[in-house]
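Architecture at a glance
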Amino acid sequence: MNNIKNFIESSRVPIVFNNMLDDWDPFKWDLDKWNNTFEHQSLDCRKGRITCTQEPLWESKCLHESHSFSEIINMSNNIENSGYWLYFDYKYIGEKVDENIFKSISWKKFGYENLGPKDSTLWIGSIGAHTPCHQDLYGINLVAQVHGKKRWILMPPEMGKYLKPSRIPYEESSCYSKINFSCPDNIQNIDNACKCVTVVLSPGDVLIVPHKWWHYVENLTTAVSINTWIQIPKYDNKARLSESVVRFMVSSVCSGVSKNIQMALLNPNEKCSSSMTAESINFIDQSIKIIQTEEDTTDSEEPNSTLPIKYQYKTYEPDQCLSKVQFDTKYHRYNHTPSSSKPDLNTDISHRLLDSLCDDTVINQIVNSLIKKDEKLS
């Protein structure tokens, strides 16, 4: 394993590399160039209202509209009047975006010479565009800040106990916090023992998000980012078995409730189909076999604590109290909105049941039992 790749994969704290995108053509574009590039393309955006509520603005609660790039810019320029943000987010290059435009995108500099545009996703958003605080359950996230500024609040995996974790709305490989980070009032009520890292990415920066670190991300300007996820077999193989068990739980509950309740339990990109349970059982079987046959891939090299002088970087230890984080964007306190009305009883029971079945303690017990029983049979 080369030096930088080993450094990235062995780090247990976030890393920010500086001045890393000089060979990426889109990094050299100003907003006019970006606007001209997407002049004839309609972008499928999430549209969210800037509010201060207890519950996060889930994707299912956002509007989904088509907008031009120039409209995203205009939304930033008129945020105080409009009260909304736009986000063209999580779009794989080559699927929603022309791959030829981004052919210069390469992660070779970070030790991943086989990863390029098709392995990368594009994020374009106005001021205030954000994703609810969550935890990616697979791999390591590499995020390149191409244009504008974006704030990241990151917390180690063990801080999840303070963040009210939930698998609802369900989305494979993502665990959400029930706390709305876009409202500072909610942050101030979190236990002082919850430690975090705050990072503002500027153009040319590349952030390394370690495995299972919680994060809340928000645009401070009109911003463009490109990211890729690095698979780490020693983490991901067991995580995929856990996710297959979670998916089985989700399909079991969703198959017995109405469409309206399904919509409340699932993220819009997830659908409850008649084949979901059978697929989950098949994934569980495949995952157990992979874990049984996997070889010890632990690298014998000692983790590197430093890199050659050509790399400019900084590592970040979680030494801030999350409750003390200061937001410097004045629109955060606009539009205080009261909590939603009392939920439908059936939806609430289904929500609580599914959340209980998918609790980490329950899933870990099932996974460990499956592996042990399968080992006895083999």
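A few points on the structure. (Residues numbered from 1 in each chain as written. Predicted model: local features only at pLDDT ≥ 70, side-chain atom pairs only at ≥ 80, totals over all residues. Heavy atoms only, no water.)

Let's talk about the overall build of the protein chain
We apply this condition: The way it works is that DSSP assigns letters per residue, a run of H or I at least four long becomes a helix, a run of E at least two long becomes a strand, and they are numbered from the N terminus. The classification of residues rests on relative accessible area computed with a 1.4 Å probe and restricted to protein chains. Under 20% of the type maximum is buried, over 50% is exposed, and intermediate values are partly exposed. We call two residues in contact whenever any of their non-hydrogen atoms come within 4.5 Å of each other. For the area figures, the Shrake-Rupley method with a 1.4 Å probe applies, and any residue is considered shielded solely by the protein chains shown.
Per the secondary structure count, the protein chain includes ten helices and 16 strands. Burial statistics for the protein chain: of 378 residues in total, 51% are counted as buried. Within the protein chain, residue pairs in contact and separated by at least 24 positions form 86% of the contacts whose partners lie at least 6 positions apart. Accessible surface, the protein chain as shown: approximately 18,500 Å² in total, 48% of it carbon and sulfur.

A word on the pairing of strand β11 (residues 195-201)
As a general feature of sheets, a regular strand has side chains that alternate between the two faces. What counts, and what does not: Whether two strands pair comes down to DSSP finding at least two bridges between them.
Where strand β8 (residues 150-155) and β11 come together, five bridges link them in antiparallel fashion. Following the sheet pairing, Lys-150 is matched in β11 by Leu-201. By the bridge criterion, two bridges tie β11 to strand β16 (residues 320-321) in an arrangement that is antiparallel. Opposite Cys-196, over in β16, you have Gln-320 as the bridge partner.

Concerning the sheet that holds strand β1 (residues 15-18)
Cut-off, in case you're wondering: All axes here are fitted lines through C-alpha atoms, helices being fitted over the stretch that makes contact, and every angle between N-to-C directions spans 0 to 180 degrees.
In spatial order, the strands read β3-β2-β4-β5-β14-β7-β12-β1-β15; together these nine strands make up an open sheet with antiparallel pairing. The outermost strands of the open sheet, each flanked by one partner alone, are β3 (63-67) and β15 (312-315). Along the sheet, successive strands turn relative to each other by an average axial angle of 25°, direction set aside. Relative to strand β12 (residues 206-209), strand β7 (residues 140-147) is paired through four bridges, and the arrangement is antiparallel. Bridged to Ala-144 within β12 is Val-206. Seen against the sheet, helix α1 (residues 3-10) touches β1, β7, β12, β14 (223-230) and β15 and runs at an angle of roughly 145° to β1.

A few points about the packing of aromatic side chains
Spelled out, the test is: Between the rings of Phe, Tyr and Trp (Trp by its six-membered ring), a pair exists once the centres lie within 6.5 Å; its type follows the angle of the planes, with under 30 degrees stacked, over 60 edge-to-face, and the other angles tilted.
Applying the stated criterion across every chain yields a total of 20 aromatic pairs. With a centroid separation of 6.1 Å and an interplanar angle of 40°, the aromatic rings of Trp-34 and Phe-102 are classed as tilted. Within this pair, whereas Trp-34 is found in helix α2 (residues 31-37), its partner Phe-102 is found in the loop between β4 (84-92) and β5 (121-125), the two being separated by 68 residues in sequence. On the accessibility criterion, Trp-34 (0% relative accessible area) is buried. For Phe-102, a relative accessible area of 0% translates into the label buried. With 5.5 Å between their ring centres and 80° between their planes, Trp-58 and Tyr-176 make a pair best called edge-to-face. Here Trp-58 is found in the loop between β2 (43-49) and β3, whereas its partner Tyr-176 is found in strand β10 (residues 174-177), with 118 residues between them in sequence.

Concerning the sheet that holds β8
Judged by pairing direction, the sheet is antiparallel, and its seven strands sit side by side in the order β9-β10-β6-β13-β8-β11-β16 without closing on themselves. Looking at which strands have only one partner, the edges of the open sheet turn out to be β9 (165-171) and β16. Inspection of the sheet shows β8 paired to strand β13 (residues 214-219) by six bridges, in the antiparallel sense. Counted as the bridge partner of Ile-153 is Tyr-216 from β13. Helix α6 (residues 233-254) contacts β9 and β10 of the sheet and is inclined by roughly 70° relative to β9.

What to know about the nonpolar core
Just so we agree on the cut-off: We call a set of buried residues a nonpolar core when its members are Ala, Val, Leu, Ile, Met, Phe, Trp, Tyr or Cys and they connect through side-chain atoms within 4.5 Å of each other.
The biggest cluster of nonpolar side chains holds 39 residues, and the ones touching the most others in it are Phe-17, Trp-107, Phe-110 and Leu-122. What Trp-107 contacts, discounting residues up to four positions off in sequence, is Trp-24, Tyr-112, Leu-115, Gly-116, Ser-120, Leu-142, Ala-144, Val-206, Ile-226, Asn-227 and Thr-228.

Observations regarding the pattern of salt bridges
So the rule is basically this: Between Lys or Arg on one side and Asp or Glu on the other, a salt bridge is scored when a side-chain nitrogen of the former is within 4 Å of a carboxyl oxygen of the latter.
Under the criterion given, the structure shown has twelve salt bridges. Arg-46 is the salt-bridge partner of Asp-89, the closest N and O atoms lying 2.9 Å from each other. Taken together, the residues Asp-89 in strand β4 and Arg-46 in strand β2 connect sequence positions 43 residues apart. In this pair, the class of Asp-89 matches that of Arg-46, namely buried. Between Arg-247 and Glu-270 there is a salt bridge, with its nearest N and O atoms 3.2 Å apart.

A short note on unusual backbone geometry
Of the consecutive residues Ile-168 and Pro-169, the connecting peptide bond is found in the cis state with omega at 5°. Looking at the secondary structure, you find Pro-169 in strand β9. At Lys-164, a position not held by glycine, the phi torsion is positive, near 50°. Here Lys-164 lies in the loop between β8 and β9. You will see that Ser-173, though not glycine, has its phi angle at about 75°, which is positive.

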